Amino acid sequence: MSIQPNSSFNALLGMESVAHFDRSSPASSWHQQQQQVTTQQHRGGSAGAAVALQVPGQQTAESKKRVAYFYDQNIGNYHYGPGHPMKPHRIRMCHSLVMNYGLYNKMEIYRARPGSKKEMTAFHTDEYIDFLSRVSPDNMEAYAKEQIKFNVGDDCPIFEGLFEYCQLSAGGSMEGAARLNNGSCDIAVNWAGGLHHAKKTEASGFCYVNDIVLSILELLRYHPRVLYIDIDIHHGDGVEEAFYTTDRVMTVSFHKHGEYFPGTGEVRDVGAGPGKYYAVNFPLRDGIDDTTYKSIFEPVIQHVVDWYKPGAIVLQCGADSLSGDKLGCFNLSMKGHANCVAFVKKLNLPLLILGGGGYTMRNVARAWCYETGVAVGQEVGPDMPFNDYYEYFGPDYKLDVKPSNMDNANTVEYLEKIKQQVFENLARSQGAPSVQMQPVPRDLDLSDDEDLDDPEKRIPQRLWDKRVVPENEFEESEDEETNALHGVRYAKSLRHGRASKANNQEQPPRTRGTVDSLPAAATKLSHPTAASGASGASSNGQPRQNGTAANGATKAGSAEDLETDGDVVMDSGSASATVPSGAATAKDTEMTEAP
């Protein structure tokens, strides 16, 4: 049963029950569970009762989290241009650390199907998405008017493979949300997502397609309410604007405010219409450290969750709030940043973790790798394992981002004042608004298509990527060929003259644009032709392998392209890749294995 194309916006806004039993997804056994609806009184003594949906697959405090991790090796091939601070290559660096720390043993790894134009128009306009799919550096002169109209230019340049890059980012976030919906995982991670500035009809702040809004739309098909949390140093204006007039999504943003991009996010910006008081903004000043950030983040989020009772959470983990970021002015350490992930994880709700900003590449890779470890429940570091980008992390070669001695302009009085105002604004809302029952449309096609498996292999790569090593399995495989396939690298032992795991660390260094058609979004996402091409196929129609088979073992671009401000010191012995000048497309790049 599915929503018809002419369904109204209010129909999906009123969706409370999610009974749906005709899914074709292989991981949909949870639909056989009985949904439990409990009635609870509003917090604060408000009259009436709110209906809270017990989400199938919702975790208890004692249950172990099942983590789905999304990565596509092509994401590191795209390049915004020389001197641009946004570098997708940081995601490949993070993935290399994730693999070499062995975190892949604790989670399922997927290569998501790229998002289609039809899926992207669930939020963005057809005209804007059509422009992104057509424009390229070769024909950009013919689209001069459109570039001005859609705000594509200096901050958001046109580069080779732009639309494919947007597809990879959006595809991972949407599939992560879909897997949370069908109960096949408790936490979904997509570090290529989190592009929170993109608007309905324009690019903004290095962001073209707002994968966060698209993933929230997917979550809203099963959950009556979704909470969005943003710890990027920049205000999450694109997501807030999209849901500014609805009470089904509460947006909470902790950000630098003042003369700082994008210039929005005052504490007085609380939403409009039905969404009034469902937008929460916590403006901060320069130099906030771990202690003060924790003192505001945890009580505010706990209060929001107790009051709003969301069915799922989306957490944007922009790493430009770390100390030492090129475009940032906060003073958070890696562990202070990761504390937000750990706290939200303890809330035991379906959780989608996304990337975002972050412009000191080595620190972004460190933080997101560490937070992947937090998600799977494994402590990593501080010693850095040998990996494809080992020389990037000098001179200490540690998995740590330490705070500096910069002044903290956030006084206790200022933070308490803002916190009390946030609590007062929440008290003016209706708490957890109830929504009407509606049938759920057909689900997204997922990426694990067994028809694409290599018939010559007894155990296809797709199943290896989904394998989670049991806790009682102590020894890892020493098959170097298999480990190399998974992206695990070894340092060369000077004593034995061969690859060895031993003593790796002893080696020398080397309100416009709001969501106005949620039912149309659900209908488009559920349309039989929404998925262009076979599920799990690459952009050129050829079968592909998931996750770890393509491990990002190479580097894209030169040292100058990757880092222009002295971030990386590369010597003649560092690993490299053969990549054409400029931006390399996903299917034109010839990759070479690192030595």
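Starting afresh in each chain, residues are numbered from 1 along the sequence in its written order. It should be noted that, the model being predicted, local features are given only for residues of pLDDT at least 70 and side-chain atom pairs only at 80 or more, the latter also being counted only at that level, while totals for whole chains, interfaces and linings use all residues. Where side-chain values are given, they derive from all heavy atoms of the structure, hydrogens and water being excluded.

An unreviewed UniProt entry lists the protein chain under the name histone deacetylase, with Linnemannia gamsii given as the organism. UniProt positions are given in the numbering used here, feature names are shortened, and annotations may be inferred rather than shown by experiment. UniProt annotates the protein chain under Subcellular location (unreviewed entry) with the comment "Nucleus". Its UniProt record gives the protein chain the following Sequence similarities (unreviewed entry) comment, quoted word for word: "Belongs to the histone deacetylase family. HD Type 1 subfamily."

Participant: Looking at this structure, I do not really get the overall build of the protein chain. What am I missing?
Facilitator: Helix and strand assignments come from DSSP, with helices taken as H or I runs of at least 4 residues and strands as E runs of at least 2, each series counted from the N terminus. Each helix and strand in the protein chain was counted, giving 16 helices and 12 strands. Exposed residues in this analysis have more than 50% of their type's maximum accessible area, buried residues have under 20%, and partly exposed residues fall in between, with area computed by a 1.4 Å probe over protein chains only. Going through the 595 residues of the protein chain one by one, you find that 61% of them count as buried. When the accessible area of the protein chain is evaluated, it comes to approximately 23,600 Å², of which 49% is carbon and sulfur surface. Calculation of accessible area relied on Shrake-Rupley with a 1.4 Å probe; when residues are assessed, cover is drawn exclusively from the protein chains displayed.

Participant: Got a minute to help me understand the sheet that holds strand β3 (residues 67–70) in this structure?
Facilitator: Whether parallel or antiparallel, the strands of a sheet pair through hydrogen bonds between backbone atoms. Should DSSP find at least two bridges between two strands, the strands are regarded as paired. Ordered in space as β4-β3-β5-β10-β9-β6-β7-β8, the 8 strands form an open sheet in which the pairing is parallel. Because the sheet does not close on itself, it has two edges, and the strands there are β4 (108–110) and β8 (279–284). Strand-to-strand twist across the sheet, computed as the mean angle between neighbouring axes with direction ignored, equals 15°. Here strand β7 (residues 249–256) pairs with β8 via 6 bridges, running parallel. Each bridged residue has a counterpart across the sheet, and for S253 the counterpart in β8 is N281. A fitted line through C-alpha atoms serves as each axis, taken over the contacting stretch for helices, and the angle formed by two N-to-C directions is quoted from 0 to 180°.

Participant: How should the environment of N425 be read in this particular structure?
Facilitator: By the element assignment, N425 lies in helix α12 (residues 412–427). Of the residues examined, N425 reaches a relative accessible area of 11% and is grouped as buried. Measuring from C-alpha to C-alpha, the distance between N425 and Y278 comes to 8.7 Å, with 147 residues separating the pair along the chain. Residue contacts for N425: discarding those within four places in its chain leaves V267, V270 and Y277. Contacts are assigned to residue pairs with any non-hydrogen atoms lying within 4.5 Å of each other.

Participant: Just to check I follow, could you spell out the packing of helix α2 (residues 89–100) against helix α11 (residues 361–376) for this structure?
Facilitator: Angle between the axes and distance between the axes: these two values describe a pair of packed helices. Packing of α2 against α11 leaves a shortest axis separation of 8 Å and a crossing angle of 45°. Between α2 and α11, the angle is such that the two are oblique. The handedness of the crossing between α2 and α11 is right-handed. Contacts between α2 and α11 pair H89, R90, I91, M93, C94, L97 and V98 from the former with M361, R362, V364, A365, R366, W368, C369 and T372 from the latter. Convention used here: angles under 35 degrees read as roughly parallel, angles over 145 as roughly antiparallel, angles from 65 to 115 as roughly perpendicular, and any remaining angle as oblique. Crossing chirality is assigned from the near helix's rotation relative to the far helix, an anticlockwise turn below a right angle marking it left-handed and a clockwise turn marking it right-handed.

Participant: Help me understand the pairing of strand β10 (residues 351–354), please; the structure alone is not making it clear to me.
Facilitator: Every regular strand shows the same layout, with side chains that alternate between the two sheet faces. Side chains of β10 alternate between two faces, with L351 and I353 and L352 and L354 buried alike. In this structure, strand β5 (residues 187–190) lies alongside β10, joined through 4 bridges in parallel fashion. By the bridge assignment, V189 is partnered in β10 with I353. One ladder, built from 4 bridges, connects strand β9 (residues 312–316) with β10; its direction is parallel.

Participant: Can you walk me through the side chain of S253 in this structure?
Facilitator: Along the chain, the position of S253 falls in strand β7. S253 sits in the buried class, given a relative accessible area of 4%. Polar contact criterion, stated in full: a pair of N or O atoms within 3.5 Å, where within protein one must be able to donate a hydrogen and the other to accept it, and residues adjacent in sequence count only if both atoms are side-chain atoms. A polar contact is formed between the side chain of S253 and the side chain of H255, at a distance of 2.9 Å. Aside from chain neighbours lying at most four places away, what touches S253 is D230, H235, G236, V280, N281 and F282.

Participant: Which parts of the structure should I look at to understand the pattern of salt bridges?
Facilitator: Where charged atoms from two side chains of opposite charge come close, those side chains can pair. One side-chain nitrogen of Lys or Arg within 4 Å of one carboxyl oxygen of Asp or Glu is enough to make a salt bridge. Tallied over the entire structure, the rule returns 14 salt bridges. R366 is the partner of D396 in a salt bridge, and the nearest nitrogen-oxygen pair spans 3.3 Å. Highlighted residues: D396 in the loop between α11 and α12 and R366 in helix α11, separated in sequence by 30 residues. You can call R366 buried: its relative accessible area is 3%.

Participant: What is the right way to read the environment of R66 from this model?
Facilitator: Here R66 is to be found in the loop between β2 (49–54) and β3. Of the residues examined, R66 reaches a relative accessible area of 37% and is grouped as partly exposed. Taking the C-alpha atoms as reference points, R66 and V376, separated by 310 residues in sequence, lie 7.6 Å from one another. Here G183 takes part through its backbone oxygen, which lies 3.0 Å from a polar atom of the side chain of R66.

Participant: Sorry, what's going on with helix α7 (residues 211–219) here?
Facilitator: Side chains of residues three or four places apart in an α-helix project in the same direction, reflecting 3.6 residues per turn. Judged by how many residues are buried, α7 sits mostly within the fold: 9 of 9 residues are covered. Inspection of α7 places D211, I212, V213, L214, S215, I216, L217, E218 and L219 among the buried residues, and these make up the whole buried set. At the N-terminal end of α7, a side-chain oxygen is found 3.2 Å from the backbone nitrogen of I212, two or three residues along, and the residue is N210.

Participant: Which parts of the structure should I look at to understand the nonpolar core?
Facilitator: Soluble globular proteins: nonpolar side chains tend toward being buried together. Throughout, nonpolar core names a set of buried Ala, Val, Leu, Ile, Met, Phe, Trp, Tyr and Cys residues whose side chains join them through atoms within 4.5 Å. Counting residues in each nonpolar core, the largest one holds 141 residues, and the members touching the most others are Y208, I216, I229, F254 and F297. At 10 residues, α11 tops the list of elements feeding residues into this core. Not counting residues up to four positions away in its chain, the partners in contact with Y208 are Y80, H124, Y128, L132, C156, P157, F159, L162, C166, A198 and A203.

Participant: What should I look at first to understand the packing of aromatic side chains in this one?
Facilitator: What characterises a pair of aromatic rings is the spacing of the ring centres plus the angle enclosed by the ring planes. A pair of aromatic rings is counted whenever rings of Phe, Tyr or Trp (Trp by its six-membered ring) have centres within 6.5 Å, and the orientation is called stacked for planes under 30 degrees apart, edge-to-face for over 60 and tilted otherwise. Taken as a whole and judged by the stated rule, the model has 21 aromatic pairs. Taken together, a centroid distance of 6.0 Å and an interplanar angle of 45° make the contact between Y80 and Y208 tilted. Of the two residues, Y80 is situated in the loop between β3 and α2 and Y208 in the loop between β5 and α7; the sequence distance between them amounts to 128 residues. When its relative accessible area of 4% is taken as the criterion, Y80 is described as buried. A relative accessible area of 0% places Y208 in the buried class. Relative to Y143, the ring of F131 lies with its centre 5.9 Å away and its plane at 65°, an arrangement referred to as edge-to-face. Here the residue F131 occupies a position in helix α4 (residues 126–134), and Y143 occupies one in the loop between α4 and α5 (144–149), the gap between them amounting to 12 residues. With respect to burial, F131 and Y143 carry one shared label: buried. Grouped by ring-pair contacts, the aromatic residues Y78, Y80, F159, Y165 and Y208 constitute a single cluster.

Participant: Teacher, can you tell me more about the confidence of the model for the protein chain here?
Facilitator: Detail in the predicted coordinates should be disregarded across regions flagged by low pLDDT. With 63% of its residues at a pLDDT of at least 70, the protein chain reaches an overall mean of 75. The model gives residues 519–595 a pLDDT under 50, and that stretch makes 184 contacts with residues more than four places away or in other chains. pLDDT is a per-residue confidence score from the predictor, ranging from 0 to 100.

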